[in-house]
Amino acid sequence: MSMANSRVDFWFDPLCPWAWITSRWILEVQKVRDIDVHWNVMSLVMLNEDRDVSPEYRERLDAGRGPGRVAFAAAQEVGEQILEPIYTALGTRIHNQGNRDFDVVIKEALEELGLPASLAEAAHSDANDAAIRESHNRGMEPVGEDVGTPTIHVDGVAFFGPVLSRIPRGEEAGTVFDGARLLANYPHFFELKRTRHERPEFD
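Everything numeric in this text was worked out from a predicted model, so none of it was measured. (Residues numbered from 1 in each chain as written. Predicted model: local features only at pLDDT ≥ 70, side-chain atom pairs only at ≥ 80, totals over all residues. Heavy atoms only, no water.)

S.K.: Describe the overall build of the protein chain, naming the residues involved and giving the relevant values.
M.R.: Scanning the protein chain for helices and strands turns up 8 helices and 4 strands. When the helices and strands of the protein chain are placed in sequence order, the string is β-α-β-α-α-α-α-α-α-β-β-α. Taken over the C-alpha trace, the protein chain has a radius of gyration of 16 Å; the compact-globule value for 203 residues is 17 Å, and the two agree within 12%. Seen along its three principal axes, the alpha-carbon backbone of the protein chain occupies a region of about 45 × 40 × 30 Å. A fraction of 74% describes how many contacts in the protein chain between residues 6 or more apart in sequence connect residues 24 or more apart. Here the protein chain has roughly 10,700 Å² of accessible surface; of this, 48% comes from carbon and sulfur atoms. Between the mean site of the 21 positive side-chain charges and the mean site of the 34 negative ones, the protein chain shows a separation of 4 Å. (Helix = DSSP H or I, 4+ residues; strand = E, 2+ residues; numbered from the N terminus. Rg over C-alpha atoms; globule rule 2.2 N^0.38 Å. Contact = heavy atoms within 4.5 Å. Areas by Shrake-Rupley, 256 points an atom, 1.4 Å probe, with all protein chains shown as cover. Lys, Arg positive; Asp, Glu negative; His and termini not counted. Charge placed at Lys NZ, Arg CZ, Asp CG, Glu CD.)

S.K.: Please set out the packing of aromatic side chains residue by residue, giving values where relevant.
M.R.: On inspection of all chains with the given rule, the structure shows 6 aromatic pairs. With a centroid separation of 6.3 Å and an interplanar angle of 50°, the aromatic rings of Trp25 and Phe177 are classed as tilted. Of this pair, Trp25 sits in helix H1 (residues 17–32) while Phe177 sits in helix H8 (residues 170–185), and the two are 152 residues apart along the sequence. For the pair shown, Trp25 and Phe177 are each scored as buried. Relative to Tyr87, the ring of Trp39 has its centre 6.0 Å away and its plane inclined at 65°; by these criteria the two rings are edge-to-face. One end of the pair, Trp39, is in strand E2 (residues 35–41); the other, Tyr87, is in helix H5 (residues 83–96), with 48 residues separating them in the sequence. Note on Trp39: relative accessible area 5%, which makes it buried. According to the relative accessible area criterion, Tyr87 is buried, its value standing at 0%. An aromatic cluster is defined as three or more aromatic residues linked by ring pairs; in this entry it consists of Phe10, Phe12, Trp20, Trp39 and Tyr87. The ring of Trp20 has Arg24 sitting right over it, with the charged end atom 3.8 Å from the ring centre. For the cation-ring pair, Arg24 lies above Tyr87, with the distance from its terminal atom to the ring centre recorded as 5.3 Å. (Phe/Tyr/Trp six-rings, centres within 6.5 Å; stacked < 30°, edge-to-face > 60°. Buried < 20%, exposed > 50% of the residue type's maximum accessible area, 1.4 Å probe, protein only. Lys NZ or Arg CZ within 6 Å of the ring centre and 35° of its normal.)

Dropping the structure here:
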């Protein structure tokens, strides 16, 4: 299916496994479709701050907010173009390698990309939280209430999803994108959903 260039804005918190899979799918889509991807930081802490979640889950979110803060700080330091590689460096360690020592994850990711080690200080600072909230709101407010992550905007149309448990590859990735784009472009489309019965797999 031939389609003109699409702009895709992708909001991520490095902690979210579902956003991680969707982000890897978008990278696959880039290989087979003419899309222009822009990466943006959102926050699971901010998403859930007014929701009824368990204390244990909220504690995990609070403990895991450092990687997102550091990704945002890196973009402030060197520009938006660093968001894809730093997300990949952080997410590979968190999800594929299962490393939950976020200080180590951050240190190794910064080293891999040749970024200043001092950026790690952002993990434990709220200095950028107001700006992160602005980024978060730009992504989430157009989608509406009762949604989560992944959140993407395709040609300015915002939606929650697609939520995938596996990473489509090659032309299959492009076909999934074609379907998502067609649904997103229909102004009266709101929801297509079924119960998840699989855990995410990152290979």
